[in-house]
Amino acid sequence: MERVLSTRALNRATLERQLLLSRTDLSVVEVVEHLGGLQAQTPHTWYTGLWNRLRDFDPHEASALLEDRTLVRLALQRSTIHLVTARDALAMRPLLDPVTERMTRSTFVRRLDGVDLDELAEVGRKLAEERALTFAELGAALAARWPGNDAHALSQVVRWLVPLVQVPPRGLWGRGGPVAHTSAQAWLQLDEPPMTAAELVLRYLRAFGPASVKDAQTWSGLTRLAEVVEGLDLVRYRGEDGRVLYDLPGLESPPEDMPVPVRFMYDFDNAFIGHADRSRVITEEGVAVSAAFAKANVQWRLILVDGFTAGDWTVARAKGTTTLTIHQWRPFAARDLDAAVAEGERLLAFLAPRDRHEIVPAVGASRA
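Residues numbered from 1 in each chain as written. Predicted model: local features only at pLDDT ≥ 70, side-chain atom pairs only at ≥ 80, totals over all residues. Heavy atoms only, no water.

### Regarding the overall build of the protein
Then comes step 1: The number of helices and strands found in the protein is 15 helices and 13 strands.
Then comes step 2: The globule rule puts the C-alpha radius of gyration for 368 residues at 21 Å, and the 22 Å found for the protein is close to it.
Then comes step 3: For the protein, the C-alpha atoms occupy an extent of roughly 65 × 60 × 40 Å along the three principal directions.
Then comes step 4: Pairs at least 24 apart in sequence give 68% of the contacts found in the protein among residues at least 6 apart.
Then comes step 5: Carbon and sulfur atoms make up 52% of the accessible area of the protein, which totals about 16500 Å².
Then comes step 6: Between the centroid of the 43 positive side chains of the protein and the centroid of its 48 negative side chains there is a distance of 5 Å. (Helix = DSSP H or I, 4+ residues; strand = E, 2+ residues; numbered from the N terminus. Rg over C-alpha atoms; globule rule 2.2 N^0.38 Å. Contact = heavy atoms within 4.5 Å. Areas by Shrake-Rupley, 256 points an atom, 1.4 Å probe, with all protein chains shown as cover. Lys, Arg positive; Asp, Glu negative; His and termini not counted. Charge placed at Lys NZ, Arg CZ, Asp CG, Glu CD.)

Written out as structure tokens, the structure reads:
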């Protein structure tokens, strides 16, 4: 019979794979590759995702890797912007292209009239490689070539047809810049063979497993992964609800009673987004609280206590003081609040090293 894994067992396994049980001495590049990238459509919050996982993390090091093109930000899993290594960018994009195609055809291609897609790709690539362009600039140039067509739709179709990377200074630590794009091929100047679906699933399980086929599809945006999974040499488990979960042979999980440190998670961390069933990390209360954030169109930043969602955090800056508010959905136990305050102090030292710091514990979610 297949071993049944409890929710706590899945929680501990996931946090270990996500490098959240204890900070690692791996390099920035090794962590980014292990995780299969970090969701990074916001230009800077992903730095906190690396800070949560790396011991003595220096954000300037990650920023320099983005500037020297070792790391890059482009649309990959779920057609969302991810921070990945250059080699993963080129290897993953062909495999994940159907995800962006599916979304682009249903939303933007149908709005074009009399536009040859091959020609659009050629013209769009040439424009973006002559000078990094924002989508507004790219769309305006394309609309001059295809008058009467929606400029935004034209630029978004090029986003699918030509892998586009966001170029620095966008995303650099402590700096800003326009959301300007050029082609991945021109920016990276590398040859990398496309990743297979089997390779992607194995990478996923190493960082997110044990997990179901639906979990892998949710993380990647791909479909029909069941046949891929069935062709791999994997261990099978069952979740408490009977779901089949797969994992790599030989990977041991920590015990269910393993102590877990308090973690202040960034807003788009794949630890929350990378599964169809998120109960291994997000509690029922967390699901209920999420409705208020969705209504306000605000992405939450969650606090993990004992490995599960227990609150959220906000930061405000005024007159040289950065204030971190710890929003406890229910009052934390005294030792957990002490641990949260201590971790919050470390977070403020990372986010605002030159400011005065204040920590305010509060009861209730930041959005109600």
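Picking up where we left off.
### Describing the sheet that holds strand 13 (residues 356-363)
Then comes step 1: Read from one edge to the other, the open sheet built from five strands follows the order 9-10-11-12-13, with strand pairing classed as mixed. Edge positions in the open sheet fall to strand 9 (263-264) and strand 13, since each of these has one partner strand only.
Then comes step 2: Note that strand 11 (residues 308-318) and strand 12 (residues 321-328) share eight bridges and pair antiparallel. The residue bridging Trp313 from the neighbouring strand is Ile326, located in strand 12. (Pairing = 2+ DSSP bridges.)

### Describing helix 11 (residues 213-220)
Then comes step 1: The complete set of buried residues in helix 11 reads Val213, Asp215, Ala216, Trp219 and Ser220. All buried residues of helix 11 fall inside an arc of 160° around its axis, so they share one side.
Then comes step 2: The inward-facing, buried residues of helix 11 abut helix 5 (86-107), helix 10 (197-208), helix 12 (226-230), strand 8 (244-247) and helix 13 (270-273).
Then comes step 3: Gly221 sits one or two residues past helix 11 and shows a positive phi near 90°. (Buried < 20%, exposed > 50% of the residue type's maximum accessible area, 1.4 Å probe, protein only. Arc of directions from axis to C-beta.)

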